[in-house]
Amino acid sequence: MSKTSKEMILLYVFIGLFVLMAAISPAKFLSLGNLQSMATQLPELGLIALGMMVVILTGGIDLSITYTAALSGITGALVLSAGYNAGIEGAAVMFLIIKALLATLLTALLCGFLNGFLVSYVGVSPILVTLGTMTLFEGVSVWLTKGGAVSGFPEQFQWIGNGYLGFVPVPILIFIVFAFVTGILLERTAWGRSVYMFGCNPIATYFSGINTKKVVMFVYLYAAILAAAAAIIIISRYNSAKVDYGSSYLLQSVAIVVLGGTDIAGGYGKVIGTVIAIGIVQVLSSGLNLIGINRFIVDVTMGALLIAVLLLNSFIGKKKQEKGVRSETKKRSVAV
């Protein structure tokens, strides 16, 4: 990362905020309990934001991603609650958990396939498709739960959202693995390069011989996989599943992706930028809550920070563009 890249600017902001919150309330903010709490809360939104980022890289958007998570989580919860009773133990419990995880993943993949098929093969606008499927998935979720919550899970399953490896929460380890895999897929594979190409110029990508339909299909399938991972953490942490769990993450995820430097029109964005943006939001939210700031003020502060970073990135981008124009003009004048 260069010193003036979007990601480096975000890193400076993150470090500055972390130091500021630590200085204001060192005993509370730097306590092991608070750091573990932040590491437990961050992955839910983080995984959904990563899924949103992958879709936005293509110039699209997935308005259904939170309800993909909700529906897949409810499906897994129904499998758990239907098969679990106090008498089973050992291998039977683990087999039940595996079935629930597979049910969650399969449901999410079906949701992602529906989005991907309508966008890539039918050619409907992503915002219209995902707006419709958002309502569809919400309706199915309400029908399955009758508007209530599904609960009654084995203690072993709750370990996924509440457990620790040493002193490190399991959810943050899951998030780190998916962030690493996402970075590798986008920056080290042919599919990842095709995603960036498609976001920059879909027509040129098509005429370069790339199967753009498959590229976009896998984008929505991968976003669904990330939503399923978020759903598993959410229902495990709350020990229940409900249609509105995680529903507030939709607009937050879009804001985080934009804050992380991803171009909303597609073609540019880095996983590290999104990860740092998630960290900024979590540090700001936890820090302000610890010092007793009203929740509405927290939202105002986050919005102001987002606008400030976007303006700063825009200013730096214009400066780089002007510098490039001056450099090109100087080269031409020398050549003449």
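The next thing to look at is unusual backbone geometry. Backbone geometry places K146, a non-glycine residue, at a positive phi of 60°. Of note, K146 is situated in the loop between α6 (126-145) and β1 (150-151). K146 sits in the exposed class, given a relative accessible area of 68%. In this structure, N239 takes a positive phi of about 55° despite not being glycine. Checked against the element boundaries, N239 lands in the loop between α11 (212-238) and β4 (240-241). With relative accessibility at 27%, the residue N239 sits in the partly exposed group.

The biggest cluster of nonpolar side chains holds 86 residues, and the ones touching the most others in it are M52, F157 and L186. Ranked by residues supplied to this core, first place goes to α11 with 15 residues. When sequence neighbours within four positions are dropped, the list of residues in contact with L186 reads M53, V54, L57, W191, G192, R193, V195, Y196 and V271.

This brings us to the environment of N201. When you line up the elements, N201 lands in the loop between α9 (190-200) and α10 (202-207). N201 sits in the partly exposed class, given a relative accessible area of 37%. Taking the C-alpha atoms as reference points, N201 and G266, 65 residues apart in sequence, are found 9.0 Å from one another. Within polar-contact distance, the side chain of N201 engages the backbone nitrogen of I203 at 3.3 Å. A polar contact of 3.0 Å, which involves the side chain of N201, links it to the backbone nitrogen of A204.

A complete count under the given rule lists 10 aromatic pairs for this structure. Between Y206 and F207, the ring centres sit 5.2 Å apart and the planes meet at 80°, which makes this aromatic pair edge-to-face. Accessibility classification places Y206 together with F207 in one group, the exposed group. Chaining the aromatic ring pairs together yields one cluster made of F14, F18 and F29.

Let's shift gears to the pattern of salt bridges. Opposite charge on two side chains permits pairing when their charged atoms draw close. According to the stated counting rule, one finds 1 salt bridge in the structure shown. Its salt-bridge partner being E44, residue R237 comes within 2.5 Å of it at the nearest N-O pair. Here E44 lies in helix α3 (residues 32-56) and R237 lies in helix α11, a separation of 193 residues in the sequence. Classification of R237 as partly exposed rests on a relative accessible area of 22%. E44 gets classed as buried once you look at its relative accessible area, which sits at 0%.

What counts as what
- Residues numbered from 1 in each chain as written.
- Predicted model: local features only at pLDDT ≥ 70, side-chain atom pairs only at ≥ 80, totals over all residues.
- Heavy atoms only, no water.
- Helix = DSSP H or I, 4+ residues; strand = E, 2+ residues; numbered from the N terminus.
- Buried < 20%, exposed > 50% of the residue type's maximum accessible area, 1.4 Å probe, protein only.
- Core = buried A, V, L, I, M, F, W, Y, C linked by side-chain atoms within 4.5 Å.
- Contact = heavy atoms within 4.5 Å.
- Polar contact = N/O pair within 3.5 Å; in protein donor to acceptor, adjacent residues only side chain to side chain.
- Phe/Tyr/Trp six-rings, centres within 6.5 Å; stacked < 30°, edge-to-face > 60°.
- Salt bridge = Lys/Arg side-chain N within 4 Å of Asp/Glu carboxyl O.

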